[in-house]
Amino acid sequence: MSEERRKRQQERESADQGEKTRTYLKWGGVLILLATAFAAGRYYRNHRYDSFAQCLASKQAKMYGLYWCPHCAEQKEMFGASFRYVPYVECAIKGSSEMAPECKIAGTKLFPSWQFGTNPPKEGVLSLSELADKTGCHLP
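Residues numbered from 1 in each chain as written. Predicted model: local features only at pLDDT ≥ 70, side-chain atom pairs only at ≥ 80, totals over all residues. Heavy atoms only, no water.

**Here's the deal with the state of the cysteines**
The full count for this structure, using the stated rule, is two disulfides. A sulfur-sulfur distance of 2.1 Å marks the disulfide that ties Cys55 to Cys137. Around the S-S axis, the bridge from Cys55 to Cys137 shows a dihedral of about -85° and counts as left-handed. Here Cys55, found in helix 2 (residues 50–58), pairs with Cys137, found in the segment after helix 5 (128–135); they are 82 residues apart in sequence, far enough to count as distant. Neither Cys55 nor Cys137 differs from the other in exposure class; each is buried. The disulfide that involves Cys91 links it to Cys103, with 1.9 Å between the sulfurs. (Disulfide = S-S within 2.5 Å. Helix = DSSP H or I, 4+ residues; strand = E, 2+ residues; numbered from the N terminus. Buried < 20%, exposed > 50% of the residue type's maximum accessible area, 1.4 Å probe, protein only.)

This is how it looks when you write it as structure tokens:
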């Protein structure tokens, strides 16, 4: 009888171990799904204006700014990671109080400034909807 008892106990222990393994696998799968959803949402949030920024470039819109300008930083933040597609001209020359020649030629005095084609630059932070109106690009 004790031999039978040992067999049943071993069967129960192996069944318990199998149940624990399945539970760990289920929770592991749930964690992987949550991490994937988080990463996808973060990517979308940071790259949702890629096509809009590329459209601005195709319409010859150009932003003039200064690396130390808080309003320029605010304008860049509106685009998130998509700002890399926006044609940007840095007007500050590090270690100098001079402006970059391209900025002098364009006639920029206040920053940020946006130039649309050959029109004179428009100064100040522009909302994305204002940029869309001026260029005909569609916001996502």
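**Quick look at the sheet that holds strand 3 (residues 113–116)**
Strand pairing in a sheet takes place through backbone hydrogen bonds and is either antiparallel or parallel in direction. Reading across the sheet, the four strands line up as 2-1-3-4 and stay open at both edges, with mixed pairing between neighbours. In this open sheet, the two strands that pair with only one neighbour each are strand 2 (88–90) and strand 4 (122–123). Pairing between strand 1 (residues 61–65) and strand 2: three bridges, direction parallel. For Gly65, the partnering residue across the bridge sits in strand 2 and is Glu90. (Pairing = 2+ DSSP bridges.)

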